[in-house]
Structures are given as C-alpha cells and as structure tokens.
Amino acid sequence: MSDTAARPVPPPFAVVSGAQVQRSLQGREREVVDLVEAAYRWHGEGDSVNPPSYFLRFPDRPTARIIALPASLGGKIRVDGLKWISSFPDNVAAGIPRASAVLILNDHDTGYPFACLESSIISATRTAASAALAAERLSVGRPRPRRVGFVGTGLIARYIHTHLTATGWEFEETGVFDLSPDSAAGFRGYLEKAGPGRITVYEDAEQLIRSSDLVVFATIAGEPHVSDVSWFEHNPVVLHVSLRDLAPEILLASTNLVDDVEHCLKANTSPHLAEQLTGSRDFLAGTLADVMAGRVTVPAGRPVVFSPFGLGVLDLAVGKYVYDEVTRSGDLHVIDDFFHELKRYGA
Ligand SMILES: NC(=O)c1ccc[n+]([C@@H]2O[C@H](COP(=O)([O-])OP(=O)(O)OC[C@H]3O[C@@H](n4cnc5c(N)ncnc54)[C@H](O)[C@@H]3O)[C@@H](O)[C@H]2O)c1
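Predicted, not measured: the structure shown is a model, and the values here were computed from it.

Participant: Break down the packing of aromatic side chains for me, citing the residues and quoting the values.
Facilitator: On inspection of all chains with the given rule, the structure shows 10 aromatic pairs. Both rings, one in Y112 and one in F339, keep their centres 4.9 Å apart while their planes meet at 85°; by these two values the pair is edge-to-face. Here Y112 is found in the loop between β6 (99-106) and β7 (113-118), whereas its partner F339 is found in the segment after β16 (333-335), with 227 residues between them in sequence. When its relative accessible area of 27% is taken as the criterion, Y112 is described as partly exposed. Centroid distance F150 to F187: 5.1 Å. Interplanar angle 65°. Geometry classified as edge-to-face. Taken as a pair, F150 in strand β8 (residues 147-151) and F187 in helix α6 (residues 181-194) lie far apart in primary sequence, 37 residues in all.

What follows is the structure, encoded as structure tokens:
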C-alpha cells in the first residue's frame, strides 16, 4: 500500500436540502421507527455518547432559543455530529415554522464534517417516530387505543399523526385542542385529508383528555397547564412530547418513562419539577429502552406518561439514513474544494 493510500482522505462535503430529506423519508415511516428503536437500544447499551444539550437564550428575545445537540452513535451507524436547532415561536404568526435546523455529520475516522443536512424535517421525523414507537410499546397489556387526542396541533402533531397511521394505528376518533383556533382548524384540515375517522375539535384540554385513550401533548407551554389528576382516571397512554404541560401531581399518579434520565430531569421539564417536589427520582419507572428490553413492565391500571427529552443520537441515526439514501440515488450535492488547506506545509 502506498503512503498516500494509507493516509485517511477527508470525505467530500455535501449539502442535503429539505426537499431531498423529505423525498428520502416519505413513505418510510416503518423503517424509520425501526431505526429509532435500534438507536434507543444502542444508546441504552452505552454504545453512544450523548452529552447534555446546550441552550442558547437571548435577553432581548426571551421566547426564542437555539439548542446544540452534539452526539456520537455506534451500532451499525458509526457517525458523530451536531444538531443546531432554533425555536422562534413568533415565527408562526409570521407564517413560517417555529423551528429551523441543520444537522452536521462528522466522519467516524477523520472527524471531518462530511454533510450538512436541512434538519427540521429530520428532527420532526425522529420525534414522531419515537412517539409512534412509544405508543406501540406502552399500549401492550391494555386495550389498544382507538381514540387519540392532540393538545397542541402544530408541525410536530402532524408528523406524529402521520407516523402513527403509517405504522398501523387506526382511530375511531381524533380529538383536537389548541389555544389557537387557526392551528386547530389547520390541523383539522390536514386530518380530513389524511383518512377516515371522526374528528372532534374540543374547547378545552379537559374534555379532550377525558375522551382520549392516547393523548399527545405537542404545545409550546413553558410551564404546566394541566394539573387535575381526575382527568386521567381512565388511565390513558400519554405522549408528553412538549415536556412541560403536566403538573408534577399528574406524573406522581402515573407510570413514568423517559428517553434518558439525566437529560430529561433538567430545564424545568415536568419530570424535573416532580424530582424537585419529591426530592427523589422514585417516580420514574425507567426508560423506553428498559421497556423494550423487558426490564420494566407497564401496569394497565395507571396512566402511563412518556416524556422524551429528544436525543441527538436519534437525529444522527435518521440523518445518516437520509445521507445514505441521497447518495444511493446519485443526487448527492458535493461542494467541491470545501476543505482546501489539506497539505500541512502548503502545496
Ligand atoms: N421532545 C422532543 O424530542 C421534541 C422534539 C421536537 C419538538 N418538541 C416540542 O414539540 C412542541 C411542538 O412543536 P411544533 O413545532 O409543533 O410547535 P408549533 O409552534 O408548530 O405548534 C405548537 C402549538 O401548540 C399550541 N399551544 C401552545 N400552548 C398551548 C396550550 N397550553 N394548550 C394547547 N395548545 C397550545 C400553539 O397554539 C401551537 O399551535 C414544542 O414544544 C417543541 O419543543 C419536542
């Protein structure tokens, strides 16, 4: 082997657009849920590095934030990277989505970044795939939910609904509640096109929760707005994707699963508030990976609440899947000469 061949070569740098991401993921919901399941398993087995997310906040724009999620995933994927995702809630009133994001993938052997992908779609997809996986796993041992209800009906709610129905869920009724009538109407319009089943727009969260055996929270609430334990007395499966909707009392009356304990008990999430209130983590049953591995069983006689903080390793898994798909299709847009100073002492 020549000297040059033995030396690692930086991989070419590519940019993947949102249109390419969407084409790669459309209709692949089952595959993506399976991939997310594998990523949770690798993470649960310690085959990952997923440090705390870093929150950049602004004194002059208090509702906005940009979060950095660095991560490294092993398993079959073997990739490192960073998701950099903005949340600017005022965007919605201006007619553009709240969240925008890029994902950088770094080469396992050289550390070189080799792709920058539009990542709001990847992020929404991995969140929705994780929710669909949790719905499946947490419903085992109880009557399969036939009435789903969405509290907060933005982009994430739409992606979750799409991933639920594409992975075999059929609902007699879909409940909708949003503080914004426009959002509720927009989501209703999406549901009418999405398929059969009764659609009910509720005036308040209470009636929606009482009428749903699968409840999805996808709001942008900064602090709990649901605190009455009796609303959950029918023991629903609750996907608490927006993390801060439920008062600690609700969690204390439920079986609680998270994606990662250290991640989730931070940043004033509802599980974090429950820990502060009780001074312990005893209210947590474990992680979704524990349920998948049979280490934790979920009793049917209590509500079950899944609060996923959102792990960077999931973005890596889905991002690498997209990169491989775009490469396979021959559409990878490589930026020539992106890395230019490659000779240590000049050319
Ligand atoms: N856990 C994760 O992995 C993860 C990943 C991505 C997004 N998220 C979270 O999902 C949430 C939704 O994201 P999105 O992009 O759909 O946001 P979005 O802004 O598009 O939609 C949020 C909707 O919630 C509504 N809302 C706000 N407060 C409400 C309340 N108290 N009751 C009912 N409705 C309320 C708003 O009117 C809006 O229509 C965000 O909080 C986001 O941080 C979580």
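Participant: Give me the nonpolar core: which residues, what numbers.
Facilitator: One broad trend across soluble globular proteins is that nonpolar side chains are buried collectively. Counting 70 residues, the largest nonpolar core has Y40, L105, L138, L164 and L239 as the members making the most contacts within it. Per element, the largest residue contribution to this core is 11 residues, and it comes from helix α4 (residues 120-138). Ignoring any residue separated from it by four or fewer positions in sequence, one finds L239 in contact with A131, A134, A135, L214, V215, V216, F217 and F306. Counting residues in hydrophobic clusters, the runner-up holds 24 residues, among them V151, Y202, V226 and F283.

Participant: So what about helix α5 (residues 155-166)? Which residues, and what values?
Facilitator: Owing to its 3.6 residues per turn, the α-helix aligns residues three or four sequence positions apart on the same side. Its 12 residues give α5 an end-to-end C-alpha distance of 16 Å, which sits within 8% of 16 Å, the value for a rise of 1.5 Å per residue. Along α5, the residues that are buried comprise A157, Y159, I160, H161, H163 and L164.

Participant: Mind laying out the sheet that holds strand β13 (residues 255-258), listing which residues take part and the relevant values?
Facilitator: Adjacent strands of a sheet form backbone hydrogen bonds with each other and so pair up, either parallel or antiparallel. The strand order across the open sheet built from 8 strands is β10-β9-β8-β11-β12-β15-β13-β14, with neighbouring strands paired in parallel fashion. Of all strands in the sheet, those with a lone pairing partner are β10 (198-201) and β14 (284-287), marking the two edges. Strand-to-strand twist across the sheet, computed as the mean angle between neighbouring axes with direction ignored, equals 20°.

Participant: Please provide a residue-by-residue account of the side chain of S48, values included.
Facilitator: With respect to the secondary-structure elements, S48 resides in strand β2 (residues 48-49). By relative accessible area, which is 17% here, S48 ends up buried. A polar contact of 2.7 Å, which involves the side chain of S48, links it to the side chain of H43. Discounting chain neighbours no more than four positions away, the residues touching S48 are W42, H43, S72, L73 and V313.

Participant: For the site of the ligand, give the residues involved together with the corresponding values.
Facilitator: Within the structure, the ligand sits among 25 residues, and R98, D178, S183, T219 and P308 are positioned closest to it. With respect to the ligand, the backbone of I156 contributes an N or O atom lying 2.9 Å from an oxygen atom. Contact distances for the ligand include 2.9 Å between an oxygen atom and a side-chain N or O atom of S183. Contact with the protein chains covers 86% of the free accessible surface of the ligand, which is 870 Å².

Participant: Could you give an account of the environment of R41, naming the residues involved and the relevant values?
Facilitator: Here R41 shows up in helix α3 (residues 29-44). Under the relative-accessibility criterion, R41 is labelled partly exposed at 39%. Between the alpha carbons of R41 and M292 there is a distance of 8.1 Å; along the sequence they are 251 residues apart.

Participant: Could you give an account of α3, with specific residues and numbers?
Facilitator: In this model, α3 (16 residues) spans 22 Å end to end at C-alpha, consistent with the 22 Å of a helix rising 1.5 Å per residue. For α3, every residue scored as buried is listed here: E29, V32, V33, L35, V36, E37, A38, A39, Y40, W42 and H43. Of the residues trailing α3, G46 is marked for its positive phi of about 85°.

Participant: Pulling in residues and values, what's your account of the pattern of salt bridges?
Facilitator: According to the stated counting rule, one finds 19 salt bridges in the structure shown. With a closest N to O distance of 3.9 Å, D109 and R78 form a salt bridge. Remark: R78 occurs in the loop between β4 (61-73) and β5 (79-87) and D109 occurs in the loop between β6 and β7; sequence separation between them is 31 residues. Looking at R78, the relative accessible area reads 44%, which means it is partly exposed. If you follow the salt bridges from partner to partner, you end up with R28, E325 and R328 in one network.

Participant: Describe in detail the pairing of strand β9 (residues 173-177), supporting the description with residues and values.
Facilitator: Counted residue by residue, β9 has 5 buried out of 5 residues, so it is predominantly covered. What you see with β9 is no split at all: E173, G175 and F177 on one side and T174 and V176 on the other are buried throughout. Relative to β9, β8 runs parallel, the two being bridged by 5 bridges. Residue pairing for β9: V151 is matched across the bridge by F177. Each parallel crossover has a hand, and the one from β8 via α5 to β9 is right-handed. As paired strands, β9 and β10 are joined by 4 bridges and run parallel to one another. Paired with E173 across the bridge in β10 is R198. This β-α-β element, β9 to α6 to β10, shows right-handed connectivity.

What counts and how
Residues numbered from 1 in each chain as written. Predicted model: local features only at pLDDT ≥ 70, side-chain atom pairs only at ≥ 80, totals over all residues. Heavy atoms only, no water. Phe/Tyr/Trp six-rings, centres within 6.5 Å; stacked < 30°, edge-to-face > 60°. Helix = DSSP H or I, 4+ residues; strand = E, 2+ residues; numbered from the N terminus. Buried < 20%, exposed > 50% of the residue type's maximum accessible area, 1.4 Å probe, protein only. Core = buried A, V, L, I, M, F, W, Y, C linked by side-chain atoms within 4.5 Å. Contact = heavy atoms within 4.5 Å. Expected span 1.5 Å × (residues − 1). Pairing = 2+ DSSP bridges. Axes fitted to C-alpha atoms, helices over the stretch in contact; angles between N-to-C directions. Polar contact = N/O pair within 3.5 Å; in protein donor to acceptor, adjacent residues only side chain to side chain. Near = heavy atom within 4 Å. Areas by Shrake-Rupley, 256 points an atom, 1.4 Å probe, with all protein chains shown as cover. Salt bridge = Lys/Arg side-chain N within 4 Å of Asp/Glu carboxyl O. Right-handed = clockwise from strand over helix to strand, strands pointing away.

Structural measurements only, silent on function.
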